[in-house]
Amino acid sequence: MALWNPIKNICLDLLYPRQCVGCKIQDSWFCDHCASLIKKIEQKKCYICKKPHPEGTTCSEHFTERTLNKLLVGAHYSANPVLGDAIHEFKYNRHPEDIATKLGHLLSSTLTHHLLSSYSSCSFILIPVPLHTSRLKERGFNQAKLLADEVSKLHKIPLPDSNLLTRQKHTTSQVQSGTRQARLENLKDAFTTTKKADPNAIYILIDDVTTTGSTLEECCQVLRKAGAKEVWGLVLARN
């Protein structure tokens, strides 16, 4: 967005020299070495009951219109402090483009790890979890959209020019909502769409962090009502 033009970035770099969130070495907000230290999740499992599954698919007994077909997670948030620091810097300290590239590569490798030969002929569509217009104006960018841009470039998966999904209700932070049920209530009717989804495509919802999966599930339900048959979630970390 306009806020992040090159001249403004140069001025910010002069005032606040780039310093890696992990090792504090200058010239990068998140250096290659620290990014390489992130311990990725290798075992695939149902995101509801945590039972191992070869493809990370949601167990049939937990599957509903609301739940995702699968949730792909890059790393455990608590086990990777440097990733948490990078995500915080990415979202709140106004250095989006520099860190988005590194985090986008983590998401891309997570997706590659799950894309089996059986999906080689499938059509995928990336959907970043949208921000409400007031939150977007406050932050200046949607971190999920920046991550989706990177995954789109690396995997050559289309990213719709106008989001199929919009956020119509401004909600309080999910961190403040406590239980899973409270989070679902907080997000009730938060998302909507006026478009039809392609029933033959696999929709991949992209976000930075998930805890209970409630935000992704609310988005999933809206996409399913629009006609989507298969919806995945793809996130950097699970808290």
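In this report, we go over the structure that sits alongside the text. Given the structure is predicted, the values throughout are model-derived calculations rather than measurements. (Residues numbered from 1 in each chain as written. Predicted model: local features only at pLDDT ≥ 70, side-chain atom pairs only at ≥ 80, totals over all residues. Heavy atoms only, no water.)

1. Examining the overall build of the protein chain
And then number 1: Per the secondary structure count, the protein chain includes eight helices and six strands.
And then number 2: For the protein chain, the N- to C-terminal ordering of α and β elements is α-α-β-α-α-β-α-α-β-α-β-β-α-β.
And then number 3: For the protein chain, contacts bridging at least 24 residues in sequence account for 72% of all contacts bridging at least 6.
And then number 4: By element, 55% of the accessible surface of the protein chain is carried by carbon and sulfur atoms, the whole surface being about 12000 Å². (Helix = DSSP H or I, 4+ residues; strand = E, 2+ residues; numbered from the N terminus. Contact = heavy atoms within 4.5 Å. Areas by Shrake-Rupley, 256 points an atom, 1.4 Å probe, with all protein chains shown as cover.)

2. Describing the sheet that holds strand S6 (residues 230–238)
And then number 1: Here we have four strands laid out as an open sheet, ordered S1-S6-S5-S2, and parallel in their pairing. The open sheet has two edge strands, strand S1 (70–76) and strand S2 (123–128), and neither has a second partner. Here the average twist between neighbouring strands, direction ignored, is 20°.
And then number 2: Bridge count for strand S5 (residues 201–210) against S6 is eight bridges, and the pairing is parallel. Within S6, the position partnered with Ile-206 by the bridge is Leu-234.
And then number 3: Helix H6 (residues 143–155) contacts S2, S5 and S6 of the sheet and is inclined by roughly 130° relative to S5.
And then number 4: Across the sheet, helix H8 (residues 214–225) lies against S1, S5 and S6, angled at about 160° from S5, the strand it touches most. (Pairing = 2+ DSSP bridges. Axes fitted to C-alpha atoms, helices over the stretch in contact; angles between N-to-C directions.)

3. Describing helix H3 (residues 81–92)
And then number 1: With 12 residues, H3 should reach 16 Å at 1.5 Å per residue; the first-to-last C-alpha distance of 16 Å fits that figure.
And then number 2: What H3 keeps buried is the set Val-82, Leu-83, Gly-84, Ala-86, Ile-87, Glu-89, Phe-90 and Lys-91. (Expected span 1.5 Å × (residues − 1). Buried < 20%, exposed > 50% of the residue type's maximum accessible area, 1.4 Å probe, protein only.)

4. With respect to the packing of aromatic side chains
And then number 1: Applying the stated rule across the entire model yields three aromatic pairs.
And then number 2: Look at Phe-90 and Phe-141: their rings are 6.3 Å apart centre to centre, the planes differ by 40°, and that puts the pair in the tilted class. Residue Phe-90 is located in helix H3, and its partner Phe-141 is located in the loop between helix H5 (133–139) and H6; the two are separated by 51 residues in the primary sequence.
And then number 3: Taking relative accessible area as the criterion, Phe-90 reaches 0% and is therefore assigned buried.
And then number 4: Between Phe-124 and Trp-232, the aromatic rings sit 5.5 Å apart at their centres with planes inclined by 65°, giving edge-to-face as the arrangement. Taken together, the positions of Phe-124 in strand S2 and Trp-232 in strand S6 put the pair 108 residues apart, joining distant regions of the chain. For the pair shown, Phe-124 and Trp-232 are each scored as buried.
And then number 5: Here the aromatic residues Tyr-119, Phe-124 and Trp-232 are joined through ring pairs into a cluster of three or more. (Phe/Tyr/Trp six-rings, centres within 6.5 Å; stacked < 30°, edge-to-face > 60°.)

5. Here we look at the environment of Cys-31
And then number 1: Counting through the fold element by element, Cys-31 comes out in the loop between helix H1 (6–15) and helix H2 (32–36).
And then number 2: A relative accessible area of 15% means that Cys-31 is categorised as buried.
And then number 3: Sequence-wise, Cys-31 and Asp-98 are 67 residues apart; in three dimensions their C-alpha atoms are separated by 9.9 Å.
And then number 4: If sequence neighbours within four positions are ignored, Cys-31 has contacts with Cys-20, Cys-23 and Lys-102.

6. With respect to the environment of Lys-188
And then number 1: The topology assignment puts Lys-188 in the loop between helix H7 (180–187) and strand S4 (191–192).
And then number 2: We classify Lys-188 as partly exposed; its relative accessible area is 48%.
And then number 3: Not counting residues up to four positions away in its chain, the partners in contact with Lys-188 are Lys-169 and Glu-218.

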